[in-house]
Amino acid sequence: MPLTPKELEQYENDGCIAIKNYLNKDKIKELNDEIDSLLNSVNIGNHPKIKFTTGNDKDGHISDKYFIDSSDKIHYFFEPEAISDNNHKLNKPLNKSINKIGHGLHFLNEKFNSITVNDDIASICRQLGFKDPKAVQSMCVIKQPFIGAEVPPHNDAEFLYSNPKSCVGFWFALQDCTLENGCLEFIPGSQNYPLQKRFVKDLKKGYGTKFAPLTNLDGQFVPNSSDENIKINKLIENDSLYEKIIIPAGSLVLINGKLIHKSAKNTSDHSRNAYTFHVVDGASNYDEYNWLQIPPSHPSGTDNFTRLYKNYE
């Protein structure tokens, strides 16, 4: 089901497009059942119980070895509110505590591989101009009832950087997305904002991750007070600019890697299951500073990422 000319035009203008009824009811059920199966398979005994956070929480996931090693595995990350700060124990049932499952689902799990590597996805990649599209990472994102965490404004290109910039997110709603359970929100046209920083491995230190300025990847990013930076930050913080994507289960959302998007906390009694994978062009440069490498400890560019075209021309 390739994009219509109108959908392609909207994606190019807005940086985002929601395609309803992309998945049928049987596929939606199959994938939600698979999420339940994965959640019920977790052995909590020796699990590090890493929180999934997107801010500066020192107890979060972004610098942890368990996170870095997840690139070619299926790892589980927890809702911050599901773990007690005083004793690091779960205060919710296990299957109601996990926020994210990632990042190798697209090649380690047959069910999720089937909606990632197929002719239809390849045809959309061709329409978007990819020469050699490769799936870099994949994850199930589960906003748990009442505690599903807010995701602040961000773009994906800072986390999966390539030169030229090529990252695109394929985001599948596996349950209805509403205002109450934390639907996606985005600023139309914000893919045209300049990137200010990159999320990178701290190669100078030899471990951990950080945000670095684009011109000095061994340095530490410090927000500046330039007129352009102030203007962009004011736009990102302006809630009135965000368009809310209220969509039924089965919808596919395409997200330009530079697009500013976010989601609110789930305040409802319904979860918000989603599956997403990100694609970069194997024809662009994907360097060793990116946090996600396969294998995790040996940077190899896009050599070991999942190719989405059967034949590379």
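Let me begin by describing the structure that accompanies this report.

Cut-off values and rules
The numbers attached to residues start from 1 for each chain and follow its sequence in the written order. Predicted model: local features are reported for residues with pLDDT of at least 70 only, side-chain atom pairs are reported and counted for 80 or more only, and whole-chain, interface and lining totals are derived from all residues. Hydrogens and waters are ignored; side-chain quantities use all the structure's heavy atoms. The secondary structure listing takes helices from DSSP runs of H or I that are at least 4 residues long and strands from runs of E that are at least 2 residues long, numbered from the N terminus. Atoms considered for the radius of gyration are the C-alpha atoms alone. The globule rule reads 2.2 Å times the number of residues to the power 0.38. With a 1.4 Å probe rolled over the protein chains alone, any residue whose accessible area is under 20% of its type maximum counts as buried; one over 50% counts as exposed, and the rest are partly exposed. In what follows, residue pairs with any heavy atoms lying within 4.5 Å of each other are defined as contacts. The Shrake-Rupley method, run with a 1.4 Å probe sphere, supplies the accessible areas, and residue values consider only the shown protein chains as cover. In summary, the charge assignment counts Lys and Arg as positive and Asp and Glu as negative, without counting His or the chain termini. A charge is said to be at NZ when it belongs to Lys, at CZ for Arg, at CG for Asp and at CD for Glu. What counts as a salt bridge is simple: a side-chain nitrogen of Lys or Arg found within 4 Å of a carboxyl oxygen of Asp or Glu. For the purposes of this analysis, a disulfide is any pair of cysteine sulfur atoms at a distance within 2.5 Å. By the convention used here, strands pair only if DSSP detects at least 2 bridges between them. Here, the term nonpolar core denotes a set of buried Ala, Val, Leu, Ile, Met, Phe, Trp, Tyr and Cys residues that are joined through side-chain atoms within 4.5 Å. Every axis corresponds to a line fitted to the C-alpha atoms, with the helix fit spanning only the stretch in contact, and the corresponding angles, defined between N-to-C directions, vary from 0 to 180 degrees. Comment: arc refers to directions from the helix axis out to C-beta atoms. The rule is short: rings of Phe, Tyr and Trp, with Trp giving its six-membered ring, pair when the centres are within 6.5 Å, and they are stacked under 30 degrees, edge-to-face over 60, tilted in between.

Observations regarding the overall build of the protein chain
Along its length, the protein chain carries seven helices and 14 strands. Whereas a compact globule of 313 residues would reach a radius of gyration of roughly 20 Å, the protein chain reaches 19 Å, a difference of no more than 12%. In terms of principal-axis extent, the alpha carbons of the protein chain reach across some 45 × 45 × 40 Å. Burial statistics for the protein chain: of 313 residues in total, 54% are counted as buried. Considering only contacts in the protein chain between residues 6 or more positions apart, those separated by 24 or more positions represent 80%. About 14500 Å² of surface is accessible on the protein chain, with carbon and sulfur atoms providing 48% of the total. Across the protein chain, 35 positive and 40 negative side-chain charges occur, with their mean positions spaced 3 Å apart.

Concerning the pattern of salt bridges
As enumerated under the stated definition, the model contains 13 salt bridges in all. The salt bridge partner of lysine 73 is aspartate 72, with a shortest N-O separation of 3.0 Å. Here aspartate 239 makes a salt bridge to lysine 262, at a shortest N to O gap of 2.6 Å. Of this pair, aspartate 239 sits in the loop between α7 (227–236) and β10 (243–245) while lysine 262 is found in strand β12 (residues 261–263), placing the two residues 23 residues apart along the sequence. Look at the salt bridges and you will find they share partners, linking Asp132, Lys134 and Arg307 into a network.

Some details on the state of the cysteines
Counted according to the given criterion, the structure contains zero disulfides. Not part of a disulfide, cysteine 125 finds its nearest cysteine sulfur in cysteine 167, a span of 11 Å. Looking at cysteine 125, the relative accessible area reads 0%, which means it is buried. Cysteine 183 provides the cysteine sulfur closest to cysteine 177, a residue in no disulfide bond, and the two sulfurs are 7.1 Å apart. We classify cysteine 177 as buried; its relative accessible area is 1%.

Quick notes on the pairing of strand β3 (residues 98–103)
Counting buried positions along β3 gives six out of six residues, so the element sits mostly inside the fold. Here strand β2 (residues 74–78) runs beside β3; their pairing, made up of five bridges, is antiparallel. Its bridge partner lying in β3, isoleucine 74 is registered against histidine 103. As judged from the four bridges shared by β3 and strand β4 (residues 133–143), these two strands associate in the antiparallel manner. The partner of glycine 102 across the bridge, within β4, is methionine 139.

Comments concerning the nonpolar core
Within the largest apolar cluster, 55 residues are counted, with the highest numbers of intra-cluster contacts made by Ile101, Phe112, Phe170, Phe172 and Tyr275. In contact with tyrosine 275, other than residues within four places in its own chain, are Leu105, His106, Phe112, Ile115, Thr116, Ser138, Met139, Cys140, Phe170, Trp171, Phe172 and Leu174. Of all hydrophobic cores here, the second largest spans 13 residues; its members include Cys183, Leu184, Ile247 and Leu259.

Considerations on the sheet that holds β12
Pairing between sheet strands relies on hydrogen bonds along the backbone, with the strands arranged either parallel or antiparallel. The sheet built from four strands is open, its strands ordered β5-β12-β7-β10 with antiparallel pairing. Bordering the open sheet on either side are β5 (151–154) and β10, each of which pairs with just one other strand. On average, each strand axis in the sheet is tilted by 20 degrees relative to the strand beside it, whichever way the strands run. Across three bridges, the pairing between strand β7 (residues 184–186) and β12 is antiparallel. Considered in β12, the bridge of leucine 184 is made with serine 263.

Let's talk about helix α1 (residues 5–14)
Inspection of α1 places Leu8, Tyr11 and Asp14 among the buried residues, and these make up the whole buried set. Around the axis of α1, the buried residues are gathered within 150 degrees of arc, so they sit on the same side. Exposed side of α1, more than 90 degrees from the buried face: Pro5, Lys6 and Glu12 are the residues found there. At its buried positions, α1 is contacted by β1 (16–19), α6 (119–127), β6 (168–173), β7 and β11 (252–256). Downstream of α1 by a residue or two, glycine 15 has a phi angle that is positive, lying close to 85 degrees.

Remarks on the packing of aromatic side chains
A complete count under the given rule lists 13 aromatic pairs for this structure. Their ring planes at 55 degrees and their centres at 5.9 Å tell us that tyrosine 22 and phenylalanine 172 sit as a pair that is tilted. Here the residue tyrosine 22 occupies a position in the loop between β1 and α2 (25–40), and phenylalanine 172 occupies one in strand β6, the gap between them amounting to 150 residues. Of the two residues, tyrosine 22 and phenylalanine 172, both sit in the buried class.

A few points about the environment of phenylalanine 67
On the secondary structure map, phenylalanine 67 appears in helix α3 (residues 65–68). When its relative accessible area of 3% is taken as the criterion, phenylalanine 67 is described as buried.

Examining unusual backbone geometry
Along the chain, glycine 102 connects to histidine 103 via a cis peptide bond; the corresponding omega equals 10 degrees. Mapped onto the secondary structure, histidine 103 falls in strand β3. Cis rather than trans, the peptide bond between isoleucine 294 and proline 295 has omega equal to -5 degrees. Relative to the helices and strands, proline 295 is located in the loop between β13 (272–281) and β14 (306–307). Unlike most non-glycine residues, asparagine 21 shows phi in positive territory, near 60 degrees. Its location among the elements puts asparagine 21 in the loop between β1 and α2. A residue is classified by how much of its surface remains accessible, and asparagine 21, at 61% relative accessible area, is exposed.

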